[in-house]
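One-letter residues, chain by chain:
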Amino acid sequence: MAETVLLVGGGGREHAIARALEGGDCELYACAENRNPGIARLAAGFETLDTTNSSAVTSYAEEVGATLAAIGPEKALESGVADALNAAGVFAFGPSSEAARIETDKAYQRRFMREHEIPGCPEFETFEDTERACEYIDSSDIDLAVKPAGLTGGKGVKVIGDQVTREGAKEYLRENDYDRVVLEERFVGEEFTVQAFVANGSLRVTPAVQDHKRAYEGDEGPNTGGMGSYSDAALKLPFMTEEEYREAVRILDATVEALDDYTGVLYGQFMLTADGVKVIEYNARFGDPEAMNTLPVMNTAFLDVLVGAREGEDLPQLSFAPRATVCKYAVPEGYPENPSGGTRIEVDEESVADAAYAAEGEEDGSEARLFYASVDEREDGIYTTTSRAFAVVGIAGTIAEAEAIAEDALSGADEGVRIRHDVGTEALVQKRIDHANELRGE
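Residues numbered from 1 in each chain as written. Predicted model: local features only at pLDDT ≥ 70, side-chain atom pairs only at ≥ 80, totals over all residues. Heavy atoms only, no water.

Novice: Got a minute to help me understand the overall build of the protein chain in this structure?
Specialist: Along the protein chain, the regular secondary structure elements total 15 helices and 24 strands. Against the compact-globule benchmark of 22 Å for 442 residues, the protein chain has a radius of gyration of 21 Å, which places it among compact chains. Overall size of the protein chain, expressed as C-alpha extent along the three principal axes, is 60 × 50 × 45 Å. Looking at the 442 residues of the protein chain, the share that counts as buried comes to 57%. Here the contacts in the protein chain between residues at least 6 apart in sequence split such that 67% fall between residues at least 24 apart. Within the structure as shown, the protein chain displays about 17,300 Å² of accessible surface, and the carbon and sulfur contribution to it stands at 42%. Positive and negative side-chain charges of the protein chain, numbering 39 and 85 respectively, have mean locations separated by a distance of 4 Å. (Helix = DSSP H or I, 4+ residues; strand = E, 2+ residues; numbered from the N terminus. Rg over C-alpha atoms; globule rule 2.2 N^0.38 Å. Buried < 20%, exposed > 50% of the residue type's maximum accessible area, 1.4 Å probe, protein only. Contact = heavy atoms within 4.5 Å. Areas by Shrake-Rupley, 256 points an atom, 1.4 Å probe, with all protein chains shown as cover. Lys, Arg positive; Asp, Glu negative; His and termini not counted. Charge placed at Lys NZ, Arg CZ, Asp CG, Glu CD.)

Novice: Any chance you could explain the sheet that holds strand β2 (residues 26-32) here in plain terms?
Specialist: Paired through their backbone hydrogen bonds, the strands of a sheet run either parallel or antiparallel. Ordered in space as β3-β2-β1-β4-β5, the five strands form an open sheet in which the pairing is parallel. Sheet topology places β3 (45-48) and β5 (91-93) at the edges, where each strand pairs with a single neighbour. On average, each strand axis in the sheet is tilted by 20° relative to the strand beside it, whichever way the strands run. For β2 and β3, the ladder comprises four bridges, and the chain directions are parallel. Considered in β3, the bridge of alanine 30 is made with phenylalanine 46. Each of β1 (3-8), β2 and β4 (68-71) touches helix α1 (residues 12-21); the most contacted strand, β1, lies at about 165° to it. (Pairing = 2+ DSSP bridges. Axes fitted to C-alpha atoms, helices over the stretch in contact; angles between N-to-C directions.)

Novice: Looking at this structure, I do not really get the sheet that holds strand β7 (residues 144-148). What am I missing?
Specialist: Strand order in the open sheet formed by four strands is β6-β9-β7-β8, with antiparallel pairing between adjacent strands. One side of each edge strand has no neighbouring strand; the edge strands of this open sheet are β6 (124-127) and β8 (158-159). Seen against the sheet, helix α9 (residues 166-176) touches β7, β8 and β9 (181-185) and runs at an angle of roughly 10° to β7.

Novice: Sorry, what's going on with the pattern of salt bridges here?
Specialist: Side-chain pairs of opposite charge can arise whenever the charged atoms involved come near each other. Applying the stated criterion to the full structure yields 32 salt bridges. In this structure, arginine 388 and aspartate 288 form a salt bridge, with 3.7 Å as the shortest nitrogen-oxygen distance. Here arginine 388, found in the loop between β22 (381-384) and β23 (390-396), pairs with aspartate 288, found in the loop between β17 (276-283) and α11 (290-294); they are 100 residues apart in sequence, far enough to count as distant. A single burial state applies to arginine 388 and to aspartate 288, both of which are buried. Note that lysine 328 and glutamate 407 form a salt bridge whose closest N and O atoms lie 2.8 Å from each other. (Salt bridge = Lys/Arg side-chain N within 4 Å of Asp/Glu carboxyl O.)

Novice: Explain the nonpolar core to me, please; I cannot follow it from the model alone.
Specialist: Grouped together as the largest cluster of nonpolar side chains are 79 residues, with contacts concentrated most on Leu6, Phe192 and Phe390. Element by element, the count of residues in this core is highest for helix α10 (residues 242-258), at six residues. Counting 45 residues, the second largest nonpolar core, distinct from the first, contains Leu7, Leu21, Met298 and Tyr335. (Core = buried A, V, L, I, M, F, W, Y, C linked by side-chain atoms within 4.5 Å.)

Novice: Where do I start with the packing of aromatic side chains in this structure?
Specialist: What describes a pair of aromatic rings is the distance from one ring centre to the other and the angle between the planes of the rings. Here the structure, examined in full by the defined rule, presents nine aromatic pairs. Residues phenylalanine 197 and phenylalanine 302 carry aromatic rings whose centres are separated by 5.8 Å and whose planes lie at 40° to one another, so their mutual orientation is tilted. One end of the pair, phenylalanine 197, is in strand β10 (residues 190-199); the other, phenylalanine 302, is in helix α12 (residues 302-310), and 105 residues separate them in sequence. The pair formed by phenylalanine 197 and phenylalanine 302 is uniform in burial state, with each residue classed as buried. Among the aromatic residues, ring-to-ring pairing joins Phe93, Phe197, Phe286 and Phe302 into one connected group. The residue whose ring lies beneath arginine 378 is tyrosine 383, and the NZ or CZ to ring-centre distance is 3.9 Å. (Phe/Tyr/Trp six-rings, centres within 6.5 Å; stacked < 30°, edge-to-face > 60°. Lys NZ or Arg CZ within 6 Å of the ring centre and 35° of its normal.)

Novice: It is not clear to me how the packing of helix α8 (residues 130-139) against α9 should be interpreted in this structure. Could you clarify?
Specialist: Each pair of packed helices can be summarised by the angle the axes make with each other and by the distance between the axes. Packing of α8 against α9 leaves a shortest axis separation of 10 Å and a crossing angle of 170°. Here α9 runs roughly antiparallel to α8, going by the angle between their axes. From α8, Thr130, Glu131, Ala133, Cys134, Ile137 and Asp138 reach across to α9, where they touch Arg166, Glu167, Ala169, Lys170, Leu173 and Arg174. Its residues assigned to classes, the contact of α8 with α9 comprises five nonpolar, one polar and six charged. (Parallel < 35°, antiparallel > 145°, perpendicular 65-115°, else oblique. Nonpolar A, V, L, I, M, F, W, Y, C, P; charged D, E, K, R; others polar.)

Novice: Help me understand the pairing of β17, please; the structure alone is not making it clear to me.
Specialist: The buried count for β17 comes to seven of eight residues, which makes it a mostly enclosed element. Pairing analysis gives seven bridges linking strand β16 (residues 264-273) to β17, with the strands arranged antiparallel. When the bridges of β17 are listed, glutamine 269 appears paired with glutamate 281. Counted along the chain from β16 to the antiparallel partner β17, the turn is two residues long.

Novice: Just to check I follow, could you spell out helix α3 (residues 54-64) for this structure?
Specialist: Since the α-helix packs 3.6 residues into each turn, any two residues three or four apart lie on the same face. Residues of α3 that are buried include every one of Val57, Thr58, Tyr60, Ala61 and Val64, and no others. Within α3, the buried residues cover an arc of 160° as seen down the axis, which keeps them to one side. Residues of α3 that are buried in the fold lie against β1, β2, β3 and α5 (81-87). Just past α3, the residue glycine 65 takes up positive phi, approximately 75°. (Arc of directions from axis to C-beta.)

Shown next as structure tokens:
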């Protein structure tokens, strides 16, 4: 039978989910704080509401007769939207608020790893008192990662020896006075992500992706929600070995085995170090931008994943096109520290559509895709918010070809946004390969 799917969230990740459902035997409805024009075009209905308000989301789901729901944002999961939808008889592909603590509570996350002897866990301590945390920083003989225990939108972590000094870390804690903080050993290496679909005890993994958190080219500046990312035509990335990818998957397997009845996406953020693969953190949903690398090259219908999860079946085996992807975000000027929201921008959709045709390799399935993110569509046009505006993904046989397509597609980007142009470039990818070889002592 045809399904009615409610999509919760209005960012780039959710636009990617909407496009993954396009063409399936379903009718799509969506709700979000902002009116995402890309999602709105694909949906039979779009409601503007607070996605952390589980009653409002559930009421809208019942109003449209939703049979399935896909939840994008972590704050919605934390606030119990999946719990409320399931209680109302709408199957939610997303973990309960308790299960989502694997992301939303970093202190719980590390204790969970320690208790269940999950590989890749760092040495860590948790603190509720700021001054005790500062004393620990002074007494530690290693560099530390300073992590608020709660959600910070990917921008709250400060790393001693990389982003801040010890004095700077203490100042950061005192200025913010977080309720709880995790201090853990700093991992040095190359970051990567593996996302997995999880339901009914089965786990299906997707290609590895490398995100670029720093705001400016050359990996400079403050952390952001992600300025761009890339994946290769294989499951692993160029700087990884097959065994290192499998090591990350084994960690995810061990995590799912220890979790109690987890449903949704489990995202492992890993660090390839001189001592193997370590866990930076888990997320309880698709990554943003990583969803925009993964979903466009997935041959398996995403709707089949949702239905299989609901029906209590093993999830379908996943198939991916042998394509590399490069995603580049356009963000408001001043992002992330002082973003200028409320600016009307022009998005040249025609230049994005034409980009793949100008690139080599067009005949083997190359393309460019535009994903709207945190923009607001009004009667007189599209406006920025204070978060990332839109992303372009180049898709081709190699990372270099995909990067060229993404750059070409962004050639018409409006002056009101900023782009990190080095994401996916040959020079930056080679830098990652050289670093990984150095870590291995090669």
